[in-house]
Amino acid sequence: MTNPETAPLTGEFAEPVTGWVADQLAAIDAAGTTEAADVQGMRVVVYTVQGKRSGLLRRVPLMRVTDGTNYAAVASKGGDPKHPAWYHSMLANPRVDLQDGTTTKGYVVRELSGQERAQWWERCVAAFPPYAEYQTKTDREIPVLLAEPLVTT
């Protein structure tokens, strides 16, 4: 019997908003692995998030930043002055699915602060150096969310 708290998210999916996201997701779906898409030669993972307002599920490819167990979701939006929509959705609905390679698992997301954020920010910039430049383009501190595996019992 499947535990409803750890079962994959189900529901209606929204269409990707931007063309490059749709292209990345199509490549990932065709290959069956996130290794089929990258940004500037660096790997991505795909988060499935429930929309804050719509309730629809959205697939969001983000840079792969991990310590081997947990993953960071960096709400950079390229240094835009506003947070990306998925950031608000993750805070409102912190239960997400995450695909890395061919494996998809359930995670719970929380926003980092203080020293914990600083440590993960270093890891994020090491994984995708443009994050450092994005931070210089905006007055907001770019949020870092941590996806931690769901505990199964």
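Predicted, not measured: the structure shown is a model, and the values here were computed from it. (Residues numbered from 1 in each chain as written. Predicted model: local features only at pLDDT ≥ 70, side-chain atom pairs only at ≥ 80, totals over all residues. Heavy atoms only, no water.)

A. Representation of helix H1 (residues 19-31). With 13 residues, H1 should cover 18 Å at 1.5 Å per step; its first-to-last C-alpha distance of 18 Å lies within 8% of that length. All of the buried residues in H1 are Val21, Gln24, Leu25 and Ile28. In a view along the axis of H1, the buried residues occupy a sector of 95°, so they form one face of it. Residues of H1 that are exposed and angled more than 90 degrees away from the buried face: Asp23 and Ala30. The inward-facing, buried residues of H1 contact strand E1 (38-39), strand E2 (42-50), strand E3 (57-63) and strand E5 (95-100). Two residues or fewer after H1 comes Gly32, characterised by a positive phi angle close to 80°. (Helix = DSSP H or I, 4+ residues; strand = E, 2+ residues; numbered from the N terminus. Expected span 1.5 Å × (residues − 1). Buried < 20%, exposed > 50% of the residue type's maximum accessible area, 1.4 Å probe, protein only. Arc of directions from axis to C-beta. Contact = heavy atoms within 4.5 Å.)

B. Highlighting helix H2 (residues 85-92). What H2 keeps buried is the set Trp86, Tyr87, Ser89 and Met90. The buried residues of H2 occupy one face: seen down the axis, they fall within an arc of 165°. Those residues of H2 hidden inside the fold are in contact with E2, E3, strand E4 (71-74), E5, strand E6 (103-111) and strand E7 (144-149).

C. Just the environment of His88, in detail. Tracing the chain through its elements places His88 in helix H2. Residues His88 and Gly51 lie 37 residues apart in sequence; the distance between their C-alpha atoms is 8.3 Å. Once you skip the residues sitting within four places of it in the chain, His88 turns out to touch Lys52 and His83.

D. Structural view of the packing of aromatic side chains. This model, assessed by the stated rule, comprises five aromatic pairs. When the ring of Trp121 is compared with that of Tyr131, the centres are 6.2 Å apart and the planes differ by 40°; the resulting orientation is tilted. Here Trp121, found in helix H3 (residues 114-127), pairs with Tyr131, found in helix H4 (residues 130-136); they are ten residues apart in sequence, far enough to count as distant. Plain terms: the ring middles of Phe128 and Tyr131 are 5.0 Å apart, the flat faces sit at 70° to each other, and that makes the pair edge-to-face. With respect to burial, Phe128 and Tyr131 carry one shared label: buried. Feature note: the residues Trp121, Phe128, Tyr131 and Tyr134 constitute an aromatic cluster, connected by ring pairs. Note that Arg123 overlies the ring of Trp120, its terminal NZ or CZ placed 4.3 Å from the centroid. (Phe/Tyr/Trp six-rings, centres within 6.5 Å; stacked < 30°, edge-to-face > 60°. Lys NZ or Arg CZ within 6 Å of the ring centre and 35° of its normal.)

E. Seen up close, the pairing of E4. Both faces of E4 are covered, namely the face carrying Tyr71 and Ala73 and the face carrying Ala72 and Val74. With four bridges joining them, E4 and E7 adopt antiparallel strand pairing. The residue of E7 that forms the bridge with Tyr71 is Ala147. (Pairing = 2+ DSSP bridges.)

F. Fine view of the nonpolar core. Ala72, Val74, Trp120, Trp121, Cys124, Tyr131 and Val144 are the most contacted members of the largest nonpolar core, which totals 20 residues. Residue assignment for this core shows that the elements contributing at least two residues are H1, E2, E4, H3, H4 and E7. In this structure Tyr131 touches Met63, Val74, Ser76, Trp121, Cys124, Val125 and Ile142, once residues within four positions along its chain are discounted. Among the nonpolar cores identified, the runner-up in size contains 17 residues, and Tyr47, Val96, Leu98 and Ala147 belong to it. (Core = buried A, V, L, I, M, F, W, Y, C linked by side-chain atoms within 4.5 Å.)

G. Fine view of the side chain of Thr48. Among the structural elements, Thr48 can be located in strand E2. The class for Thr48 is buried, based on a relative accessible area of 12%. With near-sequence residues (within four places) excluded, Thr48 lies in contact with Leu9, Phe13, Leu57, Arg58, Arg59, Val96 and Asp97.

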